[in-house]
Amino acid sequence: MESARIIATVARIVRDVGIAEEIAQDALVSALEQWPRSGVPDRPGAWLTAAAKHRAVDLVRRRETYARKLAEVGRTLSEESYDPEPSGPGDIDDDVLRLVFTACHPVLSADARAALTLRLVGGLRTDEIARAFLVPEATVAARITRAKRSLAKAGVEFEVPYGAERAARLGSVLEVVYLIFNEGYAATAGDDLLRPALCEDALRLARVLEGLMPEEGEVHGLAALLELQASRFATRTGPDGQPVLLADQHRSRWNRLLIRRGFAALERAGDGRSYGPYALQAAVAACHARAVTYEETDWRTIAALYGRLAAVAPSPVVELNRAVAVSMADGPEAGLVLVDALADGTALAGYHLLPSVRGDLLARLGRTAEARAEFERAASLTRNARERELLLGRARAAGSQ
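Remember, predicted model here, so these are calculated numbers, not experimental data.

**Some details on the overall build of the protein**
1) Next: In terms of helices and strands, the protein carries 19 helices and two strands.
2) Next: Computed over C-alpha atoms, the radius of gyration of the protein comes to 23 Å, within 12% of the 21 Å expected from 2.2 N^0.38 for 401 residues, which places it in the range of a compact globule.
3) Next: Here the C-alpha coordinates of the protein stretch approximately 75 × 50 × 40 Å along the principal axes.
4) Next: Per-residue burial over the protein gives 49% buried out of 401 residues.
5) Next: Sequence-distant contacts in the protein: of pairs separated by 6 or more residues, those separated by 24 or more amount to 66%.
6) Next: Just so you have it, the protein exposes about 18800 Å², and 52% of that area is on carbon and sulfur atoms.
7) Next: Charged side chains in the protein number 51 positive and 54 negative. The centres of these two groups are separated by 1 Å.

This is the structure we're talking about:
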């Protein structure tokens, strides 16, 4: 939970994200050795940060190759207090934001930037990142290793860039924040559907980006999307932790403050005709937020928005979402035609939501035996225990009809 902040703080000192990650891990090892004897401190995150800072400063002072940097920052470091008290929220945000922009340096490929930032900032495991990108785990592991080496070799500064350089990195930064939020909103694996800390980190970063780049429409679009999605958080699971489908959520419990923030951010994103991918997704979320009940949802507008999104950011997942909206606007038969076309390809072959959506459409058409088989296949593909339970429950329900 604290890894991103610790790595970011240490990277500001050592100027190397690979070394910073190792030092953060060393600090955790120290905690595992000391806390059983001394007890867990009141602020364990602050203790870990302080321990990591000490190690970072010692490393800088030991290395002759850091002599010039030590001369520049040594006085500040020697005067800085390492009492285990947390930094201010602004300082934490600044450090984590620097870490994101550093990991999104143009010296790295777009895929490597996203994978490295999800690892360092999101704290995701390699298999979780692989699932987010729908690629093999070994591919992601290689990307992360190469990315760390490339940043060190290029001597990339730990900073938030300005001007044209900032604009060049912005797309990858937004993608990373988006993927971090998505992993928190629907966890790839594990016993829980939600990982609230990831959503909170992503939402905070999106708000910080809004303050840094108020002229960038897609920054506001992303913030709007995350605010609106986060507004449903309390209703996404029931008391027992089981997922609750959108149609069954109690909309009176949606967070109205976050909805208002999302609407305001969407207005700042600019003219609707010029929306980028994130603003278009936010517009879809806004349609859901405006509907008092599930039945009142404007599915035709949502289908049209997904059509526009498919044109500017083609993706089989976008097409799958469009198929759902079309099925709600024009009937399950129309949606099934689109889903079957996607099923003929290989891009979503291991994606559990494809058979899940197909199962739902078949159930609506009364083809219950086929629906049950699709739900069971979807359950076999997901690695999230809560999703698996939900899908198996739907399979049983289809079989009993």
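**Considerations on the confidence of the model for the protein**
1) Next: Counting all residues, the mean pLDDT for the protein is 87, and 92% of those residues have values of 70 or more.
2) Next: Low confidence marks residues 79–92, where pLDDT is under 50. Its contacts with residues over four positions away, or in another chain, come to 16 contacts.

**Quick notes on the nonpolar core**
1) Next: Membership of the largest hydrophobic core comes to 108 residues, with the highest contact counts inside it found for V14, V177, L209 and L226.
2) Next: Contacts of V177, omitting those with residues within four sequence positions, involve A202, L205, A206, L209, L222 and L226.
3) Next: In terms of nonpolar packing, the next biggest core, distinct from the first, is built from 18 residues, L320, Y351, L362 and A395 among them.

**Section: helix α2 (residues 17–38)**
1) Next: For α2, with 22 residues, the first-to-last C-alpha span of 30 Å sits near the 32 Å given by 1.5 Å per residue.
2) Next: Roughly 25° is the biggest bend found in α2, and it falls at L32, with proline P36 one to four residues downstream.
3) Next: Regarding α2, the residues found buried are V17, G18, I19, A20, E21, I23, A24, A27, S30, A31 and W35.
4) Next: N-capping of α2 is provided by D16, with a side-chain oxygen placed 2.9 Å from the backbone N of G18.
5) Next: A positive phi of about 95° marks G39, the residue just after α2.

**Some remarks on the pattern of salt bridges**
1) Next: Scanning the model with the defined rule gives 28 salt bridges in all.
2) Next: Residue D127 pairs with R125 through a salt bridge whose shortest N-O separation is 3.1 Å.
3) Next: For R125, a relative accessible area of 43% puts it in the partly exposed group.

**As for helix α11 (residues 217–230)**
1) Next: With 14 residues, α11 should reach 20 Å at 1.5 Å per residue; the first-to-last C-alpha distance of 20 Å fits that figure.
2) Next: Taken across its 14 residues, α11 has twelve buried, putting it largely inside the fold.
3) Next: Residues of α11 that are buried: V219, H220, G221, L222, A223, A224, L225, L226, E227, L228, Q229 and A230.

**As for the environment of A115**
1) Next: Looking at where A115 falls in the secondary structure, it is placed in helix α6 (residues 110–120).
2) Next: For A115, a relative accessible area of 0% puts it in the buried group.
3) Next: The residues touching A115, leaving out its near neighbours within four places in the chain, are I129, F133, V140 and I144.

**Structural notes on the packing of aromatic side chains**
1) Next: One pass over the full model with this rule turns up five aromatic pairs.
2) Next: With a centroid separation of 5.6 Å and an interplanar angle of 20°, the aromatic rings of F181 and Y185 are classed as stacked. Note that F181 and Y185 are positioned in helix α9 (residues 163–185) at a spacing of four residues, about one turn of the helix. No difference in accessibility class separates F181 from Y185, as the two residues are buried.
3) Next: Their ring planes at 55° and their centres at 6.3 Å tell us that Y185 and F233 sit as a pair that is tilted. Taken together, the residues Y185 in helix α9 and F233 in the loop between α11 and α12 (256–268) connect sequence positions 48 residues apart. Across the pair, F233 and Y185 agree in class, each one buried.
4) Next: Within the aromatic cluster, the residues linked to one another by ring pairs are F181, Y185 and F233.
5) Next: Against the face of Y185 rests R236, its NZ or CZ located 3.9 Å from the ring centre.
6) Next: The side chain of R290 reaches across the aromatic face of F263, ending 4.9 Å from its centre.

The rules behind each value
- Residues numbered from 1 in each chain as written.
- Predicted model: local features only at pLDDT ≥ 70, side-chain atom pairs only at ≥ 80, totals over all residues.
- Heavy atoms only, no water.
- Helix = DSSP H or I, 4+ residues; strand = E, 2+ residues; numbered from the N terminus.
- Rg over C-alpha atoms; globule rule 2.2 N^0.38 Å.
- Buried < 20%, exposed > 50% of the residue type's maximum accessible area, 1.4 Å probe, protein only.
- Contact = heavy atoms within 4.5 Å.
- Areas by Shrake-Rupley, 256 points an atom, 1.4 Å probe, with all protein chains shown as cover.
- Lys, Arg positive; Asp, Glu negative; His and termini not counted.
- Charge placed at Lys NZ, Arg CZ, Asp CG, Glu CD.
- pLDDT = per-residue confidence, 0-100.
- Core = buried A, V, L, I, M, F, W, Y, C linked by side-chain atoms within 4.5 Å.
- Expected span 1.5 Å × (residues − 1).
- Bend = angle between axes of the 7 residues up to and from the residue.
- Polar contact = N/O pair within 3.5 Å; in protein donor to acceptor, adjacent residues only side chain to side chain.
- Salt bridge = Lys/Arg side-chain N within 4 Å of Asp/Glu carboxyl O.
- Phe/Tyr/Trp six-rings, centres within 6.5 Å; stacked < 30°, edge-to-face > 60°.
- Lys NZ or Arg CZ within 6 Å of the ring centre and 35° of its normal.

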